[in-house]
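Analysis of the macromolecular model
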Amino acid sequence: MVRVPLTPADRERGERLGMLLREARGDRSLVDVAAAAGISAETLRKIETGRIPTPAFFTVAALADALGLSLDTIAATTTLAGVPLPST
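Cut-off values and rules
Residues numbered from 1 in each chain as written. Predicted model: local features only at pLDDT ≥ 70, side-chain atom pairs only at ≥ 80, totals over all residues. Heavy atoms only, no water. Core = buried A, V, L, I, M, F, W, Y, C linked by side-chain atoms within 4.5 Å. Buried < 20%, exposed > 50% of the residue type's maximum accessible area, 1.4 Å probe, protein only. Helix = DSSP H or I, 4+ residues; strand = E, 2+ residues; numbered from the N terminus. Polar contact = N/O pair within 3.5 Å; in protein donor to acceptor, adjacent residues only side chain to side chain. Contact = heavy atoms within 4.5 Å. Expected span 1.5 Å × (residues − 1). Axes fitted to C-alpha atoms, helices over the stretch in contact; angles between N-to-C directions. Parallel < 35°, antiparallel > 145°, perpendicular 65-115°, else oblique. Nonpolar A, V, L, I, M, F, W, Y, C, P; charged D, E, K, R; others polar. Left-handed = near helix turned anticlockwise from the far one by under 90°.

Further remarks concern the nonpolar core. Leu 21, Leu 44, Leu 63, Leu 69 and Ile 74 are the most contacted members of the largest nonpolar core, which has 18 residues in total. Contributing elements (two or more residues each) for this core: helix H1 (8-25), helix H2 (30-37), helix H3 (41-48) and helix H4 (57-67). Tallying contributions element by element places H4 first for this core, with six residues.

Below, the structure is given as structure tokens:
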């Protein structure tokens, strides 16, 4: 399977997602939040730093639940000026 290269917009969206998750995590440990979401601390670290800019929906949903974020908040944060970025 060949992965389609990420666009600059994909990377930027991932950076915004990471920033939102770091802010929502606050002073909670990365390990605690990752465990609550059912993912590894390394995966959360990579998402927060933008190294995984397009995590699976179920991962994002689990993190949202663990952090008390709504998916609407995440969607609004990861769009430019309210306009969704293209996914392809």
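Take the environment of Ala 35 next. With respect to the helices, strands and loops of the structure, Ala 35 is situated in helix H2. Taking the C-alpha atoms as reference points, Ala 35 and Leu 63, separated by 28 residues in sequence, lie 9.8 Å from one another.

Along the chain, the position of Glu 48 falls in helix H3. A polar side-chain atom of Glu 48 sits 2.8 Å from a polar atom in the side chain of Arg 25. If near-sequence neighbours (up to four positions away) are discounted, Glu 48 is found in contact with Gly 18, Met 19, Leu 21, Arg 22, Arg 25 and Leu 30.

What follows deals with H1. Its 18 residues place the ends of H1 26 Å apart at the C-alpha level, agreeing with the 26 Å of an ideal helix rising 1.5 Å per residue. In this structure, the buried residues of H1 make contact with H2, H3, H4 and helix H5 (71-77).

This brings us to the packing of H2 against H3. Geometrically, a packed helix pair is captured by the angle between its two axes and the distance between the axes. Between H2 and H3, the shortest axis-to-axis distance is 8 Å and the interhelical angle comes to 105°. Classified by the angle between their axes, H2 and H3 sit roughly perpendicular to one another. Within the contact between the two elements, H2 uses Leu 30, Val 31, Val 33 and Ala 34 and H3 uses Ala 41, Leu 44, Arg 45 and Glu 48. Among the residues making up the contact of H2 with H3, the classes are represented as six nonpolar, no polar and two charged.

Turning our attention to the side chain of Thr 59. Along the chain, Thr 59 falls in helix H4. According to the relative accessible area criterion, Thr 59 is buried, its value standing at 18%. If we ignore the near neighbours within four places in the chain, the residues touching Thr 59 are Ile 39 and Ile 47.

Turning our eyes to something else, we now look at the packing of H1 against H4. With their axes 10 Å apart at the nearest point, H1 and H4 run at an angle of 25° to one another. One element, H1, and the other, H4, form an angle in the roughly parallel class. Judged by the sense of rotation from one axis to the other, the crossing of H1 with H4 is left-handed. Every residue of H4 that contacts H1 at Leu 17, Leu 21, Ala 24 and Arg 25 is listed here: Val 60, Leu 63 and Leu 67. Considered class by class, the residues forming the contact of H1 with H4 number six nonpolar, no polar and one charged.

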